[in-house]
Amino acid sequence: MVEGAPSPLKPFTVAVASKACQGALGASASHESPLRLLERNAEGLFEVVAYRGQPYVAISYCWPGDPSFERLGDSDEPTLVVDLKGQVVQSGHFSSFISHASQSYDPSLAVWIDYHCINQDDIDEKTAQVAIMQRIYTKAQTTLVMLEDISLSAGDCQTISKVSAQATPVVRHVLSARWFSRAWCSQELVLSHHAHICVHAEDTGVLHIPADVFWHGISRARNQDPSIPLFSQPRGHLPDTAITTSTCAWAMGIVHHLGCSDDYDKVALVCNLVRFFYRFQARPTAFGFHSVDIALNVLKMVNIIALRRRDFSLLLANHGLGNSFRGHPGFGWAGEPIHGDRFSEMWNQKDFQVSQDLEIALNDVGLLARGCSALIVLEHRWTIHRDCTGLHLTIDGYTRAIKPIHYLPHTSWTWTPDSRHLLDLMTSLAFADRHGCGSATRHARFVFAYLLSQDYELQPEPLTCDLSGLARDLFSDTMSLRDIASAMNFIWHKPTYAVFSTIFTADGNVLFVSGNALEFDLPGRLLFQPYVTRPKLFSPPMVLTVNSMLLNRKPLSSGAYGCVGCLRGLGMIPDVPGNGEQRLCVV
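Procedures and definitions
Residues numbered from 1 in each chain as written. Predicted model: local features only at pLDDT ≥ 70, side-chain atom pairs only at ≥ 80, totals over all residues. Heavy atoms only, no water. Helix = DSSP H or I, 4+ residues; strand = E, 2+ residues; numbered from the N terminus. Buried < 20%, exposed > 50% of the residue type's maximum accessible area, 1.4 Å probe, protein only. Contact = heavy atoms within 4.5 Å. Areas by Shrake-Rupley, 256 points an atom, 1.4 Å probe, with all protein chains shown as cover. Lys, Arg positive; Asp, Glu negative; His and termini not counted. Charge placed at Lys NZ, Arg CZ, Asp CG, Glu CD. Phe/Tyr/Trp six-rings, centres within 6.5 Å; stacked < 30°, edge-to-face > 60°. Pairing = 2+ DSSP bridges. Polar contact = N/O pair within 3.5 Å; in protein donor to acceptor, adjacent residues only side chain to side chain. Core = buried A, V, L, I, M, F, W, Y, C linked by side-chain atoms within 4.5 Å. Salt bridge = Lys/Arg side-chain N within 4 Å of Asp/Glu carboxyl O. Disulfide = S-S within 2.5 Å. Axes fitted to C-alpha atoms, helices over the stretch in contact; angles between N-to-C directions. Parallel < 35°, antiparallel > 145°, perpendicular 65-115°, else oblique. pLDDT = per-residue confidence, 0-100. Left-handed = near helix turned anticlockwise from the far one by under 90°. Nonpolar A, V, L, I, M, F, W, Y, C, P; charged D, E, K, R; others polar.

## Focus on the overall build of the protein chain
Summing up its helical and strand segments, the protein chain has 18 helices and 22 strands in all. Overall, the C-alpha framework of the protein chain stretches about 85 × 60 × 40 Å when taken along its three principal axes. A buried classification covers 56% of the 587 residues belonging to the protein chain. A fraction of 72% describes how many contacts in the protein chain between residues 6 or more apart in sequence connect residues 24 or more apart. With the model as given, the accessible surface of the protein chain reaches about 24500 Å², and the carbon-plus-sulfur share is 53%. Between the averaged position of the 47 positive side-chain charges in the protein chain and that of its 56 negative side-chain charges there is a distance of 7 Å.

## What about the packing of aromatic side chains?
Throughout the structure, instances matching the rule amount to 19 aromatic pairs. Ring geometry for Phe180 against Phe214: centres 6.1 Å apart, planes inclined by 45 degrees, an arrangement best described as tilted. Here Phe214 lies in helix α9 (residues 211-224) and Phe180 lies in the loop between α7 (167-175) and α8 (183-191), a separation of 34 residues in the sequence. Note on accessibility: Phe180 and Phe214 belong to one class, buried. Put simply, the rings of Trp179, Phe180, Phe214 and Trp215 touch in pairs and so form one group of aromatic residues.

## Considerations on the pairing of strand β4 (residues 56-60)
In terms of burial, β4 is largely enclosed, as five of its five residues are buried. Here β4 pairs with strand β8 (residues 142-152) via four bridges, running parallel. Counted as the bridge partner of Ser60 is Val145 from β8.

## Focus: helix α11 (residues 248-255)
Summarising burial for α11: seven of the eight residues are buried, a large majority. Within α11, the full set of buried residues consists of Cys248, Ala249, Trp250, Ala251, Met252, Ile254 and Val255. The secondary structure elements touched by the buried residues of α11 are α8, α12 (265-273), α13 (292-308) and α14 (342-345).

## A word on helix α4 (residues 123-131)
Listed as buried for α4 are Glu125, Gln129, Val130 and Ala131. Buried residues in α4 make contact with β2 (36-40), α3 (114-117), α5 (133-139), α8, α12 and β11 (278-280). Backbone nitrogen of Asp124 and a side-chain oxygen of the N-cap are separated by 3.1 Å at the start of α4; the cap is Asp122.

## Here we look at the nonpolar core
One finds Trp112, Leu451 and Met549 to be the most contacted residues of the largest nonpolar core, which totals 156 residues. A per-element tally of this core places α13 first, with ten residues. Beyond its immediate stretch of four places on either side in the chain, Trp112 contacts Pro34, Arg36, Leu37, Tyr56, Val57, Ala58, Ile59, Cys117, Ile118, Met133, Ile136 and Tyr137. Judged by nonpolar contacts, the second largest core, of 29 residues, contains Phe69, Ala195, Ile209 and Ala211.

## Description of the side chain of Glu188
Within the element layout of this structure, Glu188 appears in helix α8. Buried within the structure, Glu188 lacks any salt-bridge partner; its nearest side chain of opposite charge belongs to Arg182, at an N-O separation of 10.0 Å. Discounting residues that sit within four places of it in the chain, Glu188 has contacts with Ser60, Tyr61 and Tyr137.

## Description of the state of the cysteines
Scanning the entire structure with this criterion turns up zero disulfides. Cys185 takes part in no disulfide bond, and the closest cysteine sulfur to it belongs to Cys62, at a distance of 4.1 Å. Distance from the sulfur of Cys566, which forms no disulfide, to the nearest cysteine sulfur (Cys563) is 4.0 Å. Looking at Cys566, the relative accessible area reads 1%, which means it is buried.

## Some details on unusual backbone geometry
Not every positive phi belongs to a glycine, and Arg310 is a case in point at roughly 55 degrees. Note on placement: Arg310 falls in the loop between α13 and α14. A relative accessible area of 25% places Arg310 in the partly exposed class.

## Some details on the packing of helix α15 (residues 417-434) against helix α17 (residues 467-476)
Two numbers describe how α15 lies on α17: the axes approach to 8 Å, and their chain directions differ by 160 degrees. Taken together, α15 and α17 sit at an angle that is classed as roughly antiparallel. Counting all contacts with α15, which are made through Ser419, Leu422, Leu423, Met426, Leu429, Ala430, Asp433 and Arg434, the residues of α17 involved are Leu467, Ser468, Ala471, Leu474 and Phe475.

## Some remarks on the environment of Phe94
As for its position among the elements, Phe94 is in the loop between β6 (88-91) and α2 (96-105). For the pair Phe94 and Thr79, spaced 15 residues apart in the sequence, the C-alpha separation amounts to 6.1 Å. The residues touching Phe94, leaving out its near neighbours within four places in the chain, are Leu38, Phe46, Pro78, Thr79, Val81, Ser99, Ser102, Val111, Ile113 and His116.

## What about the pattern of salt bridges?
For the structure shown, the criterion picks out 15 salt bridges. Among the ionic pairs, Glu148 bridges to Arg71, the shortest N-O distance being 3.8 Å. Of the two residues, Glu148 sits in strand β8 while Arg71 sits in the loop between β4 and β5 (79-82), which places them 77 residues apart along the sequence. In this structure, Glu148 and Arg71 share a single accessibility class: buried. Each of Arg71, Asp76 and Glu148 takes part in salt bridges that share partners, so that together they form one network.

## Some points on the confidence of the model for the protein chain
The share of residues in the protein chain with pLDDT of 70 or more is 94%, and the mean pLDDT across the chain is 89. Taken element by element, the predicted model of the protein chain shows its lowest mean pLDDT in helix α10 (residues 240-243) (52) and its highest in strand β17 (residues 497-505) (98).

## Structural notes on the packing of helix α16 (residues 439-452) against α17
Look at α16 against α17: their axes get within 12 Å of each other, and the N-to-C directions meet at 20 degrees. Between α16 and α17, the angle falls in the class roughly parallel. For the pair α16 and α17, the crossing hand works out as left-handed. Touching Ala444, Arg445, Phe448 and Leu452 of α16 are Leu467, Leu470, Ala471 and Leu474, all from α17. Its residues assigned to classes, the contact of α16 with α17 shows seven nonpolar, no polar and one charged.

The following block contains the structure:
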């Protein structure tokens, strides 16, 4: 453990997590570079030399040593290297396979590989070099991705580039390589300017696959098999001004569920991915230890780092059903990345009311934030379920089967899971309107108005037309509902099962919400919308929802409000006296 760092194996309080994040912003780091490279000397040996601006390839690989990592062929054969001390050593990290792969790619280029080009015995140097890892990979001519535990035939490589059913098992075989499960490797790829995949040939030697060819192969294979995962592609060619708008929700989403020998390294990886040049004073380490507490500590630190760079993207991911922070003391407000959630991943401060809370911060108890709140006085709980017998709607525990809306879809419509979900939602709202479900009928008309409104801020007027006929017309027309269909993914807890609530607040507004707070009854509690999560305007394609915190009505003895869960939804609390300009401490 680094001297002065909090105990890394115990759960962090807000105060302890803040201490773990102590540090300082680095310089722009535009002048910073790798310290050393490997070059062939006169005897033909690879030797560690000082970096003098010479062109190089960067190596992305999995460190040996884990018994479960079985490297093939000459990947288990070491390469002779002249190390920092001038001694000739047998390097298992710079294996014979990696040596041959780098030379077969371009023998004129030097090689950067972390094990030899960073002094592993110098903690200060390691910390400084990790802080500029984005510079190291961006400056490389290319990054060579070493898959040392699988092999392919030349025919397999050709199959990957073709549109055929045979490509899918080949892609799956490549993705089974350990490299794709490691957090460091994923961030190295994203930081790279270009990338090239190196894999064992089934007979002998090295096969090279341009990364863009492989990514296209993954995309085509995913059309055959949707379970094939998404991977972020190299972004090192983009300027810093483009990358610095990337969010911590996006960056943490890349490394969150991947393996890492020291899980606390993920905090540094997130900083690298968003090009946030930050030098930690005493970042915790827990090499070889893995636990729920450590994983949660890492998420706490990433949430704090995000707040410090005024990146509030994770507050748009706090409604997720799997959010580990729900009800967690001091961190009930915090978010955990939701895979594929573009609304949190692409959060941009220009679209939200960030300027209305320049003082948002943490104290030793929780989050201090300004925003709007309203008391919830009525809730209708809705579920939509589709099975082999058809569509079923449940409102407040009463279930009815729904007859489908008959329409002739326009030829321009592309039926995706999102669009089918939207049709089921509109069909259910129309059913509630048509069959007189009490105040839920009025709520259905408000929700339908939300779905169709564009460029609005305040609650739209409820629709007064026939909702079934309107839905039929919409899906028979060329009108594109793709953006709102995608935005409504948050209500679908399973592919065939949606859960949401319509709520009536004390100020007379109807809102539409779903999220992890639905485990509780909503009436009698406060709905709090921090300004930093409130859109300036609800406008497609990216700003169509708002995230809220569900608070207990009475504050704790400390004056803080307990957050029992979080919600995403349609509609905002009016920013008027009595609702707006409230500064609350949320725990």
